[in-house]
Amino acid sequence: MTGPNGGRDAPDPSDGPGRDAPGPSDGLGRGTPEPSKSHGHTAPDPSKGHWHSPPGPSKSLGHTAPDSSDGLFPRPRSVVAPGAVHVPGWLPPERQRELVEACREWARGPVPLRNTVLPGGGVMSVRTVCLGWHWQPYRYTRTADDVNGARVAAFPEWLAAWGRSAVAEAYGDPAAAEAYAPDTALVNFYDGAARMGMHQDREERSDAPVVSLSLGDTCVFRFGNTRDRGRPYTDVELASGDLFVFGGPSRYAFHGVTRVFGGTAGPASGMRAGRLNLTLRETGL
Ligand code: SIN
Ligand code: MN
């Protein structure tokens, strides 16, 4: 992402500073998960039920995620733009709950969730914690120098494996999946008022795809073009368990979150309120 106040791609800081620390009602303040133990070092395909068997990206090739639905309307997978693929309901409820638990653990530290302060003084409404590398506008560092100076939590191998499975699912390309080596994730928490302005993910020195996993409340994800924040863009509803991958010709497309529909997360997601999104990236650093 690059700076808002320089008139470039900008996370939306519009709802101002001063948000409270996460509390019990936001779905992140409870639970005592031990993600590294529950996930172990094997790398399951999160879209499959057999958690303890090693996944291998190739196992998910050809797998079509079940259409997720609110009980009325099936949501088929779609190619939103070349290289940008939406797979509804990719993560089954159990995987969603495990990922929510892992996010709760990461939100506890060593670096807490925080509202990122932008160079011009604006404060993002989304609260973020990073894995592997710490993103601050507009660079990656190992330590969270704009928060508490601590080194960020490690990026776990199991999450990299989920990333490879995701790329395999989206593109059906075993070589691309095998080669995918994400080393950072931004974990973003949205309460009902939070949103994110149109921006590009471009602090990475790798052209590898971005893998996005959504949990909890449904949002409107606006996926645009690579030229500017304006039209043409497509508004996509991202619900709990949805996968969205953008790479290739869409890797540097502008994108953002225009709204979150409070109260739409079903209990099966493990979220009590709000929305979580993880974007897995290769920093190339
Ligand atoms: C992001 O662009 O980093 C997050 C997108 C999302 O929350 O879906
Ligand atoms: Mn982004």
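None of the values given here were measured: they were computed from a predicted structure.

Peer 1: Describe the overall build of the protein chain, listing the residues and the values that go with them.
Peer 2: Within the protein chain, the regular secondary structure consists of five helices and 16 strands. Across the 285 residues of the protein chain, 52% fall into the buried class. Across the protein chain, every contact between residues at least 6 apart in sequence was considered, and the portion connecting residues at least 24 apart equals 74%.

Peer 1: Report on the site of ligand 1, specifying residues and quantitative values.
Peer 2: The environment of ligand 1 is formed by Leu186, Asn188, Met196, Ser212, Phe221, Leu238, His255, Val257, Asn277 and Thr279. Per-class residue counts for the shell around ligand 1 are five nonpolar, five polar and no charged.

Peer 1: Tell me about the sheet that holds strand 5 (residues 114-117), and please be specific about residues and values.
Peer 2: Strand order in the open sheet formed by eight strands is 3-4-14-11-16-9-6-5, with antiparallel pairing between adjacent strands. At either margin of the open sheet sits one strand with a lone partner, and together these are strand 3 (78-81) and strand 5. Neighbouring strand axes in the sheet, compared pairwise and without regard to direction, differ in orientation by 30° on average. Inspection of the sheet shows strand 11 (residues 210-216) paired to strand 16 (residues 275-281) by six bridges, in the antiparallel sense.

Peer 1: Give me the lowdown on the nonpolar core, citing residues and values where you can.
Peer 2: Judged by nonpolar contacts, the single largest core of 70 residues is most densely connected at Ala185, Val187 and Val245. For this core, the element with the highest residue contribution is helix 4 (residues 157-171), accounting for nine residues. Ignoring any residue separated from it by four or fewer positions in sequence, one finds valine 187 in contact with Cys103, Trp106, Thr128, Val129, Leu131, Leu276 and Leu278.

Peer 1: Which residues make up unusual backbone geometry, and what values do they have?
Peer 2: Along the chain, proline 137 connects to tyrosine 138 via a cis peptide bond; the corresponding omega equals 0°. With respect to the secondary-structure elements, tyrosine 138 resides in the loop between strand 7 (134-136) and strand 8 (139-141). Look at the link from arginine 231 to proline 232: it is a cis peptide, with omega at 0°. Following the sequence through the fold, proline 232 ends up in the loop between strand 12 (218-223) and strand 13 (234-238).

Peer 1: Any details on the sheet that holds strand 13? Residues and values, ideally.
Peer 2: Here we have four strands laid out as an open sheet, ordered 10-15-12-13, and antiparallel in their pairing. This sheet does not close on itself; its edge strands, each paired only once, are strand 10 (196-199) and strand 13. The sheet shows a mean angle of 25° between the axes of neighbouring strands, taken without regard to direction.

Peer 1: Talk me through helix 4; I want residue IDs and the actual numbers.
Peer 2: Taking 1.5 Å per residue as the helical rise, helix 4 with its 15 residues ought to reach 21 Å, and the 21 Å between its terminal C-alpha atoms agrees with that figure. Summarising burial for helix 4: 13 of the 15 residues are buried, a large majority. Looking at the residues trailing helix 4, positive phi occurs at glycine 172, about 60°.

Peer 1: With reference to specific residues and values, describe the pairing of strand 5.
Peer 2: Examined bridge by bridge, strand 5 and strand 6 (residues 123-131) share three bridges and lie antiparallel to one another. If you follow asparagine 115 over to strand 6, its bridge partner there is arginine 127. What sits between strand 5 and strand 6 in their antiparallel hairpin is a turn of five residues, with glycine 121 showing a positive phi close to 105°.

Peer 1: Outline the environment of arginine 227, listing residues and values.
Peer 2: With respect to the element layout, arginine 227 can be found in the loop between strand 12 and strand 13. With 27 residues separating them in the primary sequence, arginine 227 and glutamine 200 have C-alpha atoms 10.0 Å apart.

The rules behind the values
- Residues numbered from 1 in each chain as written.
- Chains lettered and ligands numbered in written order.
- Predicted model: local features only at pLDDT ≥ 70, side-chain atom pairs only at ≥ 80, totals over all residues.
- Helix = DSSP H or I, 4+ residues; strand = E, 2+ residues; numbered from the N terminus.
- Buried ≥ 20, exposed ≤ 12 C-beta atoms within 10 Å, placed from the backbone.
- Contact = placed C-beta atoms within 7 Å.
- Near = placed C-beta within 6 Å.
- Nonpolar A, V, L, I, M, F, W, Y, C, P; charged D, E, K, R; others polar.
- Pairing = 2+ DSSP bridges.
- Axes fitted to C-alpha atoms, helices over the stretch in contact; angles between N-to-C directions.
- Core = buried A, V, L, I, M, F, W, Y, C linked by C-beta atoms within 7 Å.
- Expected span 1.5 Å × (residues − 1).

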